[in-house]
Amino acid sequence: MFSDIGAFELVALVILGVLVFGPDKLPKVIQDISRFVRKVRAFSDSAKEDIRNELGPEFKDFEFEDLNPRTFVRKNLLDDGDDLGLKEIRSGFDLKEEAASVTDAVNGRSRSSGSAPSLRKQDPVRPDERPPFDPDAT
């Protein structure tokens, strides 16, 4: 729980606790806080167990940590067991080449290796002419 707190932070917390609560009340406050943390953990564990029991035997391997989106993506999409063929899709993208072609197209330069669409400004539309229509833009 407190694995990321260093020695300096721990000493600072103790000094702050002594200043705020005083040396005579500090042990009682620490005891009350630890009792509260234990009750919250017990409540959380019992709630998780109740949910697992209500879900039934088909969800016996259910982990609440899997509900975190990062864990879900890491477990199901970035896994080494590539069931979906995502490694092949990822290796097909050359982002540096794509970014360079877009930059060149925006700056009006032509690339010899790619066929990037021209993004130059077009001539203004005459009053009797309809403006160009892009079905992908709507």
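Every residue gets a number counted from 1 within its own chain, in the order that chain's sequence is written. The predicted nature of this model means local features are confined to residues of pLDDT at least 70 and side-chain atom pairs, given and counted, to a pLDDT of 80 or more, with totals for whole chains, interfaces and linings taken over all residues. Water and hydrogen atoms were dropped before computing side-chain values, which therefore reflect all heavy atoms in the structure.

Trainee: Which residues make up the overall build of the chain, and what values go with them?
Mentor: Strands here mean DSSP runs of E at least two residues long; helices mean DSSP runs of H or I at least four residues long; both are numbered from the N terminus. Looking only at helices and strands, the chain has five helices and zero strands in total. Seen in sequence order, the chain has helices and strands lined up from the N terminus as α-α-α-α-α. Only protein chains enter the calculation, and the probe is 1.4 Å; a residue is then buried if its accessible area is under 20% of its type maximum, exposed if over 50%, and partly exposed in between. Buried positions account for 7% of the 138 residues belonging to the chain. Only the protein chains shown count as covering a residue, and every accessible area follows the Shrake-Rupley method with a 1.4 Å probe. Just so you have it, the chain exposes about 12,800 Å², and 59% of that area is on carbon and sulfur atoms.

Trainee: So what about helix H1 (residues 7-21)? Which residues, and what values?
Mentor: A helix is expected to span 1.5 Å for every residue after the first. Spanning 15 residues, H1 covers 21 Å between terminal C-alpha atoms, matching the ideal 21 Å at 1.5 Å per step. Once H1 ends, the next one or two residues include Gly-22, with phi positive near 85 degrees.

Trainee: Explain the side chain of Ser-101 residue by residue, including any values.
Mentor: Secondary-structure assignment places Ser-101 in helix H5 (residues 95-107). Judged by its relative accessible area of 13%, Ser-101 is buried. Separated by 2.8 Å, the side chain of Ser-101 and the backbone oxygen of Glu-98 make a polar contact. Residues adjacent in sequence count toward polar contacts only when both atoms are side-chain atoms; beyond that, a polar contact is any pair of N or O atoms within 3.5 Å, and within protein one must be able to donate a hydrogen and the other to accept it.

Trainee: I'd like a description of the pattern of salt bridges, backed by residues and values.
Mentor: We count a salt bridge whenever a side-chain nitrogen from Lys or Arg sits within 4 Å of a carboxyl oxygen from Asp or Glu. A full pass over the atoms with the stated rule returns four salt bridges. Put simply, Lys-28 and Asp-32 hold a salt bridge, and the shortest N to O gap is 3.3 Å. Linking Lys-28 with Asp-32, this pair stays in helix H2 (residues 26-55), spanning four residues, or about one helical turn. We classify Asp-32 as partly exposed; its relative accessible area is 32%. Put simply, Arg-52 and Glu-63 hold a salt bridge, and the shortest N to O gap is 3.7 Å. Here Glu-63 lies in the loop between H2 and helix H3 (69-76) and Arg-52 lies in helix H2, a separation of 11 residues in the sequence.

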